[in-house]
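For reference, the chains in residue letters:
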Amino acid sequence: MTSSRPINPGRHRAVFGFAGWSGSGKTTLVEKVVAHLAAKSIDVATIKHAHHNFEADHVGKDSYRHRKAGARQVLVSSAQRSAHFIEHAAAAEPELPYLLDQLQPAELVLVEGFKSYPIEKIEIHRPSIGKNKLYIGDPLVVAVASDKPLDACPLPVFDLGDIDGIATFVLARTNLLQAS
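These notes cover the structure that comes with them. (Residues numbered from 1 in each chain as written. Predicted model: local features only at pLDDT ≥ 70, side-chain atom pairs only at ≥ 80, totals over all residues. Heavy atoms only, no water.)

1. Re the overall build of the chain
Logical step 1: The helix and strand tally for the chain stands at 4 helices and 8 strands.
Logical step 2: Going residue by residue from the N terminus, the α and β elements of the chain occur as β-α-β-α-β-β-α-β-β-β-β-α.
Logical step 3: Here the C-alpha radius of gyration of the chain, 18 Å, is about what a compact globule of 180 residues would show, namely 16 Å.
Logical step 4: The buried share among the 180 residues of the chain stands at 38%.
Logical step 5: Nonlocal contacts in the chain, meaning residues at least 24 apart in sequence, comprise 57% of its contacts between residues at least 6 apart.
Logical step 6: Total accessible area on the chain stands at roughly 10,600 Å², and carbon and sulfur atoms take up 51% of it.
Logical step 7: In the chain, 20 side chains carry a positive charge and 19 a negative one; their mean positions are 3 Å apart. (Helix = DSSP H or I, 4+ residues; strand = E, 2+ residues; numbered from the N terminus. Rg over C-alpha atoms; globule rule 2.2 N^0.38 Å. Buried < 20%, exposed > 50% of the residue type's maximum accessible area, 1.4 Å probe, protein only. Contact = heavy atoms within 4.5 Å. Areas by Shrake-Rupley, 256 points an atom, 1.4 Å probe, with all protein chains shown as cover. Lys, Arg positive; Asp, Glu negative; His and termini not counted. Charge placed at Lys NZ, Arg CZ, Asp CG, Glu CD.)

Below is the structure:
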């Protein structure tokens with residue numbers, strides 16, 4: 001992260017994050033919130049941070065073969081979907097604003113991870129993981145979703161299963177509530 005100023009949503013109507021420690025259930029929660037919002041006809045896009053090298057395509061696929069041959073970018077497209085693979089320099093992890101610019105315009109971009117970036121976010125916290133609470137040091141954590149009640153938390157706390165409540169909260173925070 002290079003700036004403490006809030007990230008501009010750019011050509012998207014709103015950007016909102018979900019952050020938490022590994023194993024807290026971020027992906028499961030984001031998946032459920034996306035499905036809930038999509039069912040309300042909200043145009044949702046997502047960006048997920050990965051802490052490791054990953055392969056989105058596989059050995060033998062044409063796109064994989066193109067990348068391994070040296071193409072820095074490979075765009076695969078069909079009538080149903082497109083995928084754009086970009087090889088980054090070894091130590092040059094892209095910044096969140098750059099990634100937001102790579103997406104087509106959306107009503108709402110949900111960001112999973114990128115916990116140090118200046119966007120409002122819900123923290124996913126499971127006391128059983130034994131990690132510290134992010135909201136204590138991050139004023140942009142505006143709510144917490146947890147599998148256990150949290151004593152003395154000054155923020156709204158949602159049960160991890162309250163998908164409607166979490167989705168409604170996100171829509172209200174991003175001024176998209178009337179869109180649903």
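Further notes follow.
2. Details of the packing of aromatic side chains
Logical step 1: One pass over the full model with this rule turns up 3 aromatic pairs.
Logical step 2: Positioned above the aromatic ring of F85, the side-chain terminus of R67 is 6.0 Å from the ring centre. (Phe/Tyr/Trp six-rings, centres within 6.5 Å; stacked < 30°, edge-to-face > 60°. Lys NZ or Arg CZ within 6 Å of the ring centre and 35° of its normal.)

3. Quick notes on unusual backbone geometry
Logical step 1: Positioned with a positive phi, F114 is a non-glycine residue whose angle comes to about 50°.
Logical step 2: Its place among the elements puts F114 in the loop between β5 (108-112) and β6 (121-125).
Logical step 3: The class for F114 is buried, based on a relative accessible area of 7%.
Logical step 4: One non-glycine residue with positive phi stands out, namely N175, at about 60°.
Logical step 5: The exposure class assigned to N175 is exposed, which follows from its relative accessible area of 55%.

4. Quick look at the sheet that holds β5
Logical step 1: The strand order β2-β5-β1-β6-β7-β8 describes an open sheet built from 6 strands, whose pairing is parallel. Two strands bound the open sheet, and with one partner strand each, they are β2 (44-48) and β8 (157-159). Going across the sheet, the axis of each strand differs from the next one's by a mean of 25°, ignoring polarity.
Logical step 2: One ladder, built from 5 bridges, connects strand β1 (residues 14-20) with β5; its direction is parallel. (Pairing = 2+ DSSP bridges. Axes fitted to C-alpha atoms, helices over the stretch in contact; angles between N-to-C directions.)

5. Regarding the side chain of K121
Logical step 1: Mapping K121 onto the fold places it in strand β6.
Logical step 2: Looking at K121, the relative accessible area reads 1%, which means it is buried.
Logical step 3: A polar side-chain atom of K121 sits 3.2 Å from the main-chain carbonyl oxygen of Y117.
Logical step 4: Separated by 2.8 Å, the side chains of K121 and D138 make a polar contact.
Logical step 5: The residues contacting K121, other than those within four sequence positions of it, are F16, G17, F18, A19, K115, D138, L140, V141, V142 and A143. (Polar contact = N/O pair within 3.5 Å; in protein donor to acceptor, adjacent residues only side chain to side chain.)

6. With respect to the side chain of E107
Logical step 1: Structurally, the position occupied by E107 is in the loop between α3 (96-102) and β5.
Logical step 2: Using a relative accessible area of 18% as the deciding quantity, one classes E107 as buried.
Logical step 3: Among the polar contacts made by the side chain of E107, one reaches the main-chain amide nitrogen of D43 at a distance of 2.8 Å.

7. A few points about the packing of helix α1 (residues 26-39) against helix α4 (residues 163-173)
Logical step 1: Following both chains from N to C, one finds α1 and α4 inclined at 75°, their axes separated by 9 Å at the closest point. Regarding the angle of α1 to α4, the classification is roughly perpendicular. Across from L29, K32, V33, H36 and L37 in α1, the residues of α4 making contact are I163, D164, I166, A167 and L171.
Logical step 2: Class assignment of the residues belonging to the contact of α1 with α4 gives a composition of 7 nonpolar, 1 polar and 2 charged. (Parallel < 35°, antiparallel > 145°, perpendicular 65-115°, else oblique. Nonpolar A, V, L, I, M, F, W, Y, C, P; charged D, E, K, R; others polar.)

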